[in-house]
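Structural overview
The lines below spell out each chain.
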Amino acid sequence: MTDTSIYLGRLGSLTTPGSLLVVPHPREVLQSTRARLLDVFELGAGGARVDQMVGGARTYTLPYNGLTMATFARLQAYADGHEGPGPFVFLDPGQRNMLPVDMSAATSNTNGTDAFAVTGTGCVIGSSSLITDAGPRTLRWTFNSAAPGSGAALTPVWPSSTFAYGIPVVLGRPICFSAYVRGGGIDQIVTYTPQIVWRTADGTVVSTTSGSTLTSDNVDFVRGFVTGTPPATAVFADWKIAYTSGASSGAIGFWRRFMVNEGSTPDTSWVPGTGVWPVKVLNLEEGWLGRFPDFRSGPQFVLQEDTS
Amino acid sequence: MSDPLFIGMGSEAHADYAAVSPNLPNNMATGDLVVLFAGCRNLAATLAVTAGWEVIADLGGHVKAYGRIYDSLFTAPTVTPSGGAAGDTMSAQCAAFRGPGLTVDVLRTRARTDTASHIFCPPVTTSGNGAVVLYLGWRQDDWSSAAAVAGSTLIDDPFSSLGSDQGLVWSYVLQTQWGSAPGGSFLVTGGSAALTVGATVAIAHASVFAATVGMSGPLWMPTRIRTDWAFDGYDGDRTFDDLGRQAGGWSVTHHLDDGLPDEVSFVAGLGVAVLAADLGGAPEISGPGLSARAYWSPLRTDSPVYGYDRDIANLTLDVGLVTSLGPEYVRVFTGQMADVALQGSTAALSGISANRLKLSGLVQPPAVAGRYEGARADWVISYALAASGVYLSPPAQPGCRFWAPMHGSVHPFIPSNNRDAVGGMFYNLGIGNDNSQWTTGPFHLAADFTWQPAADGGNRDYVQNGTHPMPLGDGEDLASQAGLRGKLEMWIFGYPYDFNSFPSASGGVVTWTRFQQNNANGTAVDMGLRALTTSNDRKPYINLTYNSGGSFISFTGTTGIPKDSQWHFLGLAYDFTGSNHKRWINVDGVVETDNTSISTSGFPATEAYASSYPRFSCRWPVAEVQVTAGAYANPDNFPWLRDIPFTPGARMTPSLINLVNVAETEPREAWELIGSFAQAELAMFRADEADVINYLGPAWWVKPAQQTVTGQIDTARNAKPVPAEQDPTKIRNAIRVSYDLAQSSTLHTIVGTYSSELGFSPGLTTFVLPLSTPAVELRGLTVALNDATGIQPTNTTYATLNTLADGTGTAVDATQAVVSIMSWHPGAATIQLDNRTGAFLYFANDVGWPALGIAGKPHYTLSTFAEDTDEASAAVRGARSLPVTVGAVQREVDARRLARDLKSTLSRPVVVIGNSSTGIEVDGDPRRQPGQLVGISDAETGIDDELWRLQTVAHEGEGAKYRTTVTVRRTLPILVIGQGRIGRTLIGPNSTVTDPESGI
């Protein structure tokens, strides 16, 4: 972990030096609990049945002992509308994996492939329960053609209606995309190239950074990764796993442990991701001690993820 | 849920009466469905296959399809014939499909054997999404090639001359949405006509939803609420068509209108699905996001929904669940928006069945004389549905000039006017003997026309025009220089008798069906199905007589309608406009054409039929007859009726109600009109989750599907406490059904009169005259002027016009005035007086006659009643009466049946769970629908069986909290001898109606 800063800003302002707010770390615990809706149905015969929603959202609570007026004012601008209506970008350094749940979990959350898309002749993706040593599911990429084409690739489907083209990036702050693959099917040796695709706010591609190729193995999972620093006009970091060579008809790649982390190298350990979502300011408690009106005492800054 | 995929096929394998081992397809994965299609030339042969394969279609023992789920282990199967001999060609091939949930379970299979060049496969209807429909064809002769059934994708057409030769051909359709897979033919090139077998197989796409929702701890997906603001299709998730991302709480309610009178009904709702949901604002991809108040404000021009009407966009709601196969959704509501109203900080979305709204319009069916045309309630219901844009069968195409679905009457929907035939109707059904026959048709009912020998009443049950022309609606000409093109389409029954073996011989019958357009100048267009000559018996033809009758061209198809007792599409078309000189014959999708040119100059400049033409006749069961004119009649430019995609907007079991006449004297709301029939036979009437209008009579409940328990309500697993009760206030043991007994008449009488001292000024005056007796036929539209000096007419229409108001002036004759009936319906006639005298005229005379008498065939009614009492019930609890008045019943038998059914339904206490205002709360399950049979288990109340039917189902969701509140009614557990019911089943009339799909 190289950058522990907490970032807050308008979409796009993160790539504009000066308009980016680095939020002070709180003295106390930064609460970032992700709530998933549960419902307890009390049965007529006694006992309970529990229903749950597939999604969830975090509430960030930043409790401060005190903030100077200048620092408080920058938070207040987000709370009171001076920075516009939002929603805003909030990058929590405590969330190392910035990919959403079903993407980072390689379909394990819904058993479906809605978080992914594939292109290429004869390419099909599915949710596989064949390999379960690192989660119940892997993403299965099947090649039904020995010539899937140079454009064959696995890409994400971003779930946010606001952050529709990837993860918001910070100018000069490198990120790393990584994933693991294992071969299967008729031909288990296929070569891929992981990539980060830098995009503008409307999704236009700025540039693409390619990592080293990786070749799947028929026994062990192999990690591939790509590291890059956002170019000046980039707003989102998107990812892609491009087919490079080696597929035969019937080849399969089992993919798992997708991750995007801050830094120039992939984290040693994969951690679950819940995504970077737009946030809105839920509350900013304000008060000052007598005789110190330019000092805010005990403010609590609360942000809510908007996952619609 | 992913849609199924076709993976590929393996190489074909052939042998001369020896075992064959076709290779498996490449690229298969574990879980793929492999289908093996094999056939042997010898009809006496049987096939055996390697263990592990399941038969999914058996086309006579010598042709079979097998299925097996690929496990990455098994290898190519071996198919071994027996019972044959050298020369019997053996062929086989494998193909693979992929899709979560694909199983070897077969939904439906229909097969047909025939001797032909092409191979016909019958239609099937699937009931679950994501099915694979396979068309399978075999011919006892090889070929050069075979093309796929229209609308399907060819797998392969393997053929071989090893042995004495044969060919196999198969194609597939990957269905996203359940529905009908139309029948059609493999079009074979090369070889000769020979024995063929065609089959259509629907392979199930098994849902794991049921198993998943029944497990503990369901994981729900966000509820999908979708609309289509711009009527350009759903734009996609996270667009403004996606309302689910804004939704908080939502509810959908479905009621089963049980048809019972309100005071004893167990259901409070009206059978209309309604939706309500709370909507927040929406963050837009390119915008800052808007609050609900801003987003839904009708005044915010920056809102994506600004300017769109909020009461017309369509609306669907699907509940999704994470299953082992990925997210799977179940439709809970289909309809349209009713409103989006701001309520505090959110917006309240409301939706309602779109088809219910369509049925809010007023309809007035034309007069139908049941004695001549047949008048089952089905026809009225189908007419009211069609007039509202909801169809039981394919609707009329643009340019249609005649459309007779034959759903219980031969009276057409187009033209739908009231008829004024004199001395007999165009539809000479049974010559007025009130004995029309109806059978199960391709979509609903069909006219059961069959040629009858004289001993059985002669030309009974047979459409002919008599001396009166076939009515045609407005449109382009069909047989003149102004328009010499037309198309006749129908579904006709492959009657199992040919010309020589027709019952009691066929007499002089030369056609089985015929549409004749004879012009006054001798030119003609004549088309139909031939009879009489054995060589061309059952073959379609199109003939034209031109050059004012001096020249003739004929075109006869090579494929006849088979004798297989199946429904077949027959299409006949011609186009001789402009540079077109072409005729088409279509039998079940096999199209033959002829391009013979003719001179059209001899045809009349505009439509000028000879007297009593055009004519239509048919001597086989027939349905869905359409005649189309204009551009749409050319099949090269517009599709045949069978090829136009059609999804029924209504589902209906045959009604038990037979009417004397259809004589609606005023327009009625379509929903109310149909509902009156439902109440008269206790039919379930509702719009379901797909917004399909359901009219399900007693026959529905005897079908096997309705005896299947569709779910369990268990207080130990998914339900709150069960409030079981018997409501004695709903017990009724003495039933009186009041109705208007109707009578038909073959005689004309005066049905409307008028006299007035008001003077009618010179020129045209039009007024509406209510009829004193409803009529189903008026005797002519031209009114004869009578000087009131003779005998008062009693069965012809007349008028006495006089120059003085008291009738003492001068009687007016036809040179001075013309009285006409401009239009009429069973309740009134619109009269026009053309006063050419230059002075005031009066409808008056001085002999005491009504001055204007309208003659017609009356629809007499007599108020009466039927009653039925359960003596046993009355003996113990006293008489508890239920007087019911029904307007939809015209015959005593229907009234008695209703009284009996009400008695058997209400005379004893019935256990219900929940009432009209409360229910039992069950953990959410979007598959629950009113009418389903469910099991209930509750130790506290002692309930533990599967004899319960859902009456009301109310879904309510908010986040993970998803509840379904249901009211449930117990079905009767015993057979009541003499009353005809076992539970909700019926023993008796109409309980043996055949399902055209399953044959059950």
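Residues numbered from 1 in each chain as written. Chains lettered and ligands numbered in written order. Predicted model: local features only at pLDDT ≥ 70, side-chain atom pairs only at ≥ 80, totals over all residues. Heavy atoms only, no water.

All right, on to the sheet that holds strand β61 (residues 881-885) of chain B then. Residue and element names in this part refer to chain B. Strands sit in the order β60-β49-β61 across an open sheet of three strands; the sheet is mixed. The strands lining the two open edges of the sheet, one partner per strand, are β60 (860-869) and β61. The mean inter-strand angle of the sheet, taken between neighbouring strand axes irrespective of direction, is 20°. The pairing of strand β49 (residues 734-743) with β61 spans five bridges and is classified as parallel. Following the sheet pairing, V737 is matched in β61 by V884. (Pairing = 2+ DSSP bridges. Helix = DSSP H or I, 4+ residues; strand = E, 2+ residues; numbered from the N terminus. Axes fitted to C-alpha atoms, helices over the stretch in contact; angles between N-to-C directions.)

With that settled, consider the pattern of salt bridges. One pass over the full model with this rule turns up 37 salt bridges over all chains. Taking the shortest distance from any N to any O, the salt bridge between R514 of chain B and D526 of chain B comes out at 2.7 Å. Of the two residues, R514 of chain B is situated in strand β33 (residues 511-518) and D526 of chain B in strand β34 (residues 524-530); the sequence distance between them amounts to 12 residues. Under the relative-accessibility criterion, D526 of chain B is labelled buried at 12%. In this structure, D834 of chain B and R836 of chain B form a salt bridge, with 2.9 Å as the shortest nitrogen-oxygen distance. The network of salt bridges with common partners includes D39 and R49 of chain A together with E921, D923 and R963 of chain B. (Salt bridge = Lys/Arg side-chain N within 4 Å of Asp/Glu carboxyl O. Buried < 20%, exposed > 50% of the residue type's maximum accessible area, 1.4 Å probe, protein only.)

All names here are of chain B. With 86% of its residues at a pLDDT of at least 70, chain B reaches an overall mean of 85. With pLDDT under 50 throughout, residues 422-432 is counted as low confidence; its partners more than four residues away or in other chains account for 49 contacts. Segment residues 973-1000: pLDDT under 50, and 59 contacts once partners within four positions in sequence are set aside and those in other chains are kept. For this predicted complex, the interface confidence score (ipTM) comes to 0.86, while the overall pTM stands at 0.83. (pLDDT = per-residue confidence, 0-100. Contact = heavy atoms within 4.5 Å.)

This part is about the pairing of strand β19 (residues 236-245) of chain A. All names here are of chain A. Burial within β19 is extensive, with seven of its 10 residues counted as buried. Alignment of strand β12 (residues 153-156) against β19, held across two bridges, turns out to be antiparallel. The residue bridging A153 from the neighbouring strand is A242, located in β19. Examined bridge by bridge, strand β13 (residues 167-168) and β19 share two bridges and lie antiparallel to one another. Its bridge partner lying in β19, I167 is registered against A237. Taken together, the nine bridges between strand β15 (residues 191-199) and β19 define a ladder with antiparallel strand orientation. The partner of Q195 across the bridge, within β19, is K240.

Contact residues are listed per partner, giving 40 residues for chain A and 40 residues for chain B. Both sides together, the interface formed by chain A and chain B hides about 3100 Å², and carbon and sulfur atoms give 54% of it. Linking chain A with chain B are two salt bridges, by the criterion used here. One salt bridge in this structure joins R49 of chain A and D923 of chain B, with 2.4 Å as the shortest N-O distance. There are 13 residue pairs in polar contact (both at pLDDT 80 or more) connecting chain A and chain B. Counting residues per element, the ones that place at least two in the side of chain A that touches chain B are β4 (38-42) and β5 (48-53) of chain A. Its residues placed into classes, the side of chain A that touches chain B shows 17 nonpolar, 15 polar and eight charged. Both β5 of chain A and strand β20 (residues 219-220) of chain B contribute to a ladder of two bridges, which runs parallel. From the neighbouring strand, M53 of chain A faces β20 of chain B, where its bridge partner is W220 of chain B. (Buried area = accessible area lost by both parts, 1.4 Å probe. Polar contact = N/O pair within 3.5 Å; in protein donor to acceptor, adjacent residues only side chain to side chain. Nonpolar A, V, L, I, M, F, W, Y, C, P; charged D, E, K, R; others polar.)

Bringing the sheet that holds strand β10 (residues 119-121) of chain B into the picture now. Residues and elements named next belong to chain B. With antiparallel pairing, three strands are arranged side by side in an open sheet as β10-β18-β13. Edge positions in the open sheet fall to β10 and β13 (145-147), since each of these has one partner strand only. Here the average twist between neighbouring strands, direction ignored, is 20°. Sheet topology places β13 next to strand β18 (residues 184-189); three bridges connect them, and they run antiparallel. Looking at β18, one finds that A147 is bridged to L187.

Our next topic: the packing of helix α5 (residues 377-387) of chain B against helix α6 (residues 670-680) of chain B. All names here are of chain B. Viewed as axis vectors pointing N to C, α5 and α6 meet at an angle of 160°, and their least axial separation amounts to 9 Å. Classified by the angle their axes make, α5 and α6 are roughly antiparallel. Here the hand of the crossing between α5 and α6 comes out left-handed. Across the interface between the two elements, A377, V380, I381, A384 and L385 of α5 pack against A670, L673, I674 and F677 of α6. Looking at the contact of α5 with α6 residue by residue, the class counts come to nine nonpolar, no polar and no charged. (Parallel < 35°, antiparallel > 145°, perpendicular 65-115°, else oblique. Left-handed = near helix turned anticlockwise from the far one by under 90°.)

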